[in-house]
Amino acid sequence: QVQLVESGGGLVQAGGSLRLACAVSGRTITSNAWAWFRQAPGKEREFVAAISRDGAITNYADSVKGRFIISRDNAKNQFYLQMNSLKPDDTAVYYCNVRENGINYWGQGTQVTVSS
(Lines give C-alpha, C1' and ligand atoms only; values in the text may rest on other atoms or scores of the structure.)
Protein backbone atom coordinates (compact mmCIF):
# COMPACT_ATOMS: atom_id res chain seq x y z
CA GLN A 1 0.00 0.00 0.00
CA VAL A 2 1.24 3.47 -0.84
CA GLN A 3 2.22 5.68 2.09
CA LEU A 4 2.86 9.41 2.02
CA VAL A 5 4.69 11.49 4.64
CA GLU A 6 4.85 15.28 4.45
CA SER A 7 7.51 17.50 5.99
CA GLY A 8 8.68 21.09 5.82
CA GLY A 9 5.77 23.06 7.19
CA GLY A 10 6.17 25.86 9.70
CA LEU A 11 5.60 29.50 10.52
CA VAL A 12 6.74 32.13 8.04
CA GLN A 13 6.12 35.83 7.52
CA ALA A 14 4.17 37.07 4.54
CA GLY A 15 6.42 37.27 1.50
CA GLY A 16 8.57 34.40 2.71
CA SER A 17 9.14 30.94 1.31
CA LEU A 18 8.79 27.34 2.41
CA ARG A 19 9.50 24.03 0.72
CA LEU A 20 7.31 21.06 1.50
CA ALA A 21 8.41 17.51 0.80
CA CYS A 22 6.37 14.33 0.44
CA ALA A 23 8.19 11.04 0.90
CA VAL A 24 6.56 8.19 -1.00
CA SER A 25 6.80 4.53 -0.02
CA GLY A 26 5.13 1.49 -1.47
CA ARG A 27 5.28 2.90 -5.01
CA THR A 28 7.91 4.36 -7.26
CA ILE A 29 7.32 8.02 -7.97
CA THR A 30 7.27 7.37 -11.71
CA SER A 31 4.20 5.13 -11.38
CA ASN A 32 1.61 7.86 -10.77
CA ALA A 33 0.65 11.47 -10.95
CA TRP A 34 1.01 13.25 -7.58
CA ALA A 35 -0.66 16.24 -6.03
CA TRP A 36 -0.76 18.71 -3.18
CA PHE A 37 -3.97 19.83 -1.51
CA ARG A 38 -4.59 22.14 1.42
CA GLN A 39 -7.30 22.72 3.99
CA ALA A 40 -7.71 25.96 5.89
CA PRO A 41 -9.73 26.13 9.14
CA GLY A 42 -13.45 26.00 8.41
CA LYS A 43 -12.93 25.40 4.70
CA GLU A 44 -13.03 22.41 2.41
CA ARG A 45 -9.86 20.73 1.22
CA GLU A 46 -8.77 22.27 -2.07
CA PHE A 47 -6.43 21.38 -4.89
CA VAL A 48 -3.10 23.23 -4.99
CA ALA A 49 -0.83 21.60 -7.57
CA ALA A 50 -0.20 18.37 -9.46
CA ILE A 51 2.57 16.78 -11.48
CA SER A 52 2.04 14.16 -14.16
CA ARG A 53 3.35 10.63 -14.07
CA ASP A 54 6.23 11.45 -16.40
CA GLY A 55 6.90 14.72 -14.60
CA ALA A 56 6.49 16.73 -17.77
CA ILE A 57 3.17 18.39 -16.98
CA THR A 58 2.25 20.47 -13.95
CA ASN A 59 -1.03 22.10 -12.99
CA TYR A 60 -1.78 24.74 -10.39
CA ALA A 61 -4.73 26.33 -8.73
CA ASP A 62 -5.20 29.90 -9.90
CA SER A 63 -4.59 31.14 -6.37
CA VAL A 64 -1.00 29.82 -6.33
CA LYS A 65 -0.03 30.06 -10.01
CA GLY A 66 3.25 31.94 -10.42
CA ARG A 67 4.15 31.54 -6.73
CA PHE A 68 4.25 27.78 -6.11
CA ILE A 69 6.23 25.14 -7.97
CA ILE A 70 5.66 21.40 -7.81
CA SER A 71 8.58 19.12 -8.62
CA ARG A 72 9.88 15.67 -7.88
CA ASP A 73 13.11 13.75 -7.35
CA ASN A 74 12.96 10.27 -8.84
CA ALA A 75 16.12 9.15 -7.06
CA LYS A 76 14.73 10.09 -3.64
CA ASN A 77 11.18 8.96 -4.45
CA GLN A 78 9.88 12.29 -3.19
CA PHE A 79 7.97 15.21 -4.56
CA TYR A 80 7.97 18.80 -3.41
CA LEU A 81 6.06 22.04 -3.23
CA GLN A 82 8.17 25.18 -3.33
CA MET A 83 6.05 28.01 -1.99
CA ASN A 84 7.19 31.57 -2.62
CA SER A 85 5.67 34.97 -1.92
CA LEU A 86 3.51 33.42 0.75
CA LYS A 87 0.37 35.19 1.88
CA PRO A 88 -1.71 34.85 5.06
CA ASP A 89 -4.41 33.23 2.88
CA ASP A 90 -1.98 30.36 2.24
CA THR A 91 -2.28 29.33 5.88
CA ALA A 92 -3.56 25.76 5.93
CA VAL A 93 -2.68 22.16 6.53
CA TYR A 94 -1.03 20.88 3.37
CA TYR A 95 -1.50 17.29 2.25
CA CYS A 96 0.20 15.24 -0.41
CA ASN A 97 -2.03 12.98 -2.44
CA VAL A 98 -2.18 10.24 -4.98
CA ARG A 99 -5.27 8.74 -6.56
CA GLU A 100 -4.93 5.12 -7.55
CA ASN A 101 -7.70 2.81 -8.81
CA GLY A 102 -10.28 5.31 -7.65
CA ILE A 103 -8.89 5.56 -4.13
CA ASN A 104 -7.34 8.70 -2.70
CA TYR A 105 -4.32 8.26 -0.48
CA TRP A 106 -3.28 11.11 1.82
CA GLY A 107 -0.40 11.97 4.04
CA GLN A 108 -0.94 13.10 7.62
CA GLY A 109 -0.58 16.76 6.65
CA THR A 110 1.85 19.51 7.57
CA GLN A 111 0.83 22.88 8.98
CA VAL A 112 1.82 26.05 7.14
CA THR A 113 1.13 29.32 8.93
CA VAL A 114 1.81 32.66 7.25
CA SER A 115 1.80 35.69 9.52
CA SER A 116 0.99 39.18 8.27
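Residues numbered from 1 in each chain as written. Predicted model: local features only at pLDDT ≥ 70, side-chain atom pairs only at ≥ 80, totals over all residues. Heavy atoms only, no water.

Engineer: An account of the state of the cysteines is requested, with residue identities and associated values reported.
Structural biologist: Considering all chains together, one arrives at one disulfide under this definition. Disulfide pairing is shown between Cys22 and Cys96; the S-S distance is 2.1 Å. In this structure, the disulfide formed by Cys22 and Cys96 twists by about 65° around the S-S bond and is classed as right-handed. Of this pair, Cys22 sits in strand S3 (residues 18-25) while Cys96 is found in strand S9 (residues 92-100), placing the two residues 74 residues apart along the sequence. Exposure class is identical for Cys22 and Cys96. Each is buried. (Disulfide = S-S within 2.5 Å. Helix = DSSP H or I, 4+ residues; strand = E, 2+ residues; numbered from the N terminus. Buried < 20%, exposed > 50% of the residue type's maximum accessible area, 1.4 Å probe, protein only.)

Engineer: With reference to specific residues and values, describe the packing of aromatic side chains.
Structural biologist: This model, assessed by the stated rule, comprises five aromatic pairs. Aromatic side chains Phe37 and Trp106 sit 5.1 Å apart centroid to centroid with 80° between the ring planes, which places their arrangement in the edge-to-face category. Remark: Trp106 occurs in strand S10 (residues 103-106) and Phe37 occurs in strand S4 (residues 34-39); sequence separation between them is 69 residues. Look at Phe37 and you get buried, because its relative accessible area is 18%. Arranged with centres 6.3 Å apart and planes meeting at 80°, the rings of Tyr95 and Trp106 form a pair that is edge-to-face. With a gap of eleven residues between them, Tyr95 in strand S9 and Trp106 in strand S10 connect regions that are remote in the sequence. By the ring-pair criterion, three or more aromatic residues cluster together here, those being Phe37, Phe47, Tyr95 and Trp106. A cation over a ring is seen here: Arg45 above Tyr95, with NZ or CZ 3.7 Å from the ring centre. (Phe/Tyr/Trp six-rings, centres within 6.5 Å; stacked < 30°, edge-to-face > 60°. Lys NZ or Arg CZ within 6 Å of the ring centre and 35° of its normal.)

Engineer: Lay out the nonpolar core in plain terms, naming residues and giving numbers.
Structural biologist: If you look at soluble globular proteins, the nonpolar side chains tend to sit buried side by side. Of all hydrophobic cores here, the largest spans 30 residues; its most connected members are Trp34, Trp36, Phe79, Leu81, Met83 and Tyr94. Taken together, the elements giving at least two residues each to this core come down to S3, S4, strand S5 (46-51), strand S7 (68-73), strand S8 (78-83), S9 and strand S11 (110-115). If sequence neighbours within four positions are ignored, Tyr94 has contacts with Glu6, Leu20, Phe37, Arg38, Val48, Phe68, Leu81, Met83, Gly109, Thr110 and Val112. (Core = buried A, V, L, I, M, F, W, Y, C linked by side-chain atoms within 4.5 Å. Contact = heavy atoms within 4.5 Å.)

Engineer: Talk me through the sheet that holds S8; I want residue IDs and the actual numbers.
Structural biologist: Here we have four strands laid out as an open sheet, ordered S1-S3-S8-S7, and antiparallel in their pairing. Edge positions in the open sheet fall to strand S1 (3-7) and S7, since each of these has one partner strand only. Sheet twist, expressed as the mean angle between neighbouring strand axes with direction ignored, is 20°. Pairing analysis gives six bridges linking S7 to S8, with the strands arranged antiparallel. Following the sheet pairing, Ile69 is matched in S8 by Gln82. (Pairing = 2+ DSSP bridges. Axes fitted to C-alpha atoms, helices over the stretch in contact; angles between N-to-C directions.)

Engineer: Could you give an account of the environment of Val5, naming the residues involved and the relevant values?
Structural biologist: Structurally, Val5 can be placed in strand S1. C-alpha of Val5 to C-alpha of Ala21: the two residues are 16 residues apart in sequence and 8.1 Å apart in space. Excluding residues that lie within four positions of it along the chain, Val5 makes contacts with Ala21, Cys22, Ala23, Cys96 and Gln108.

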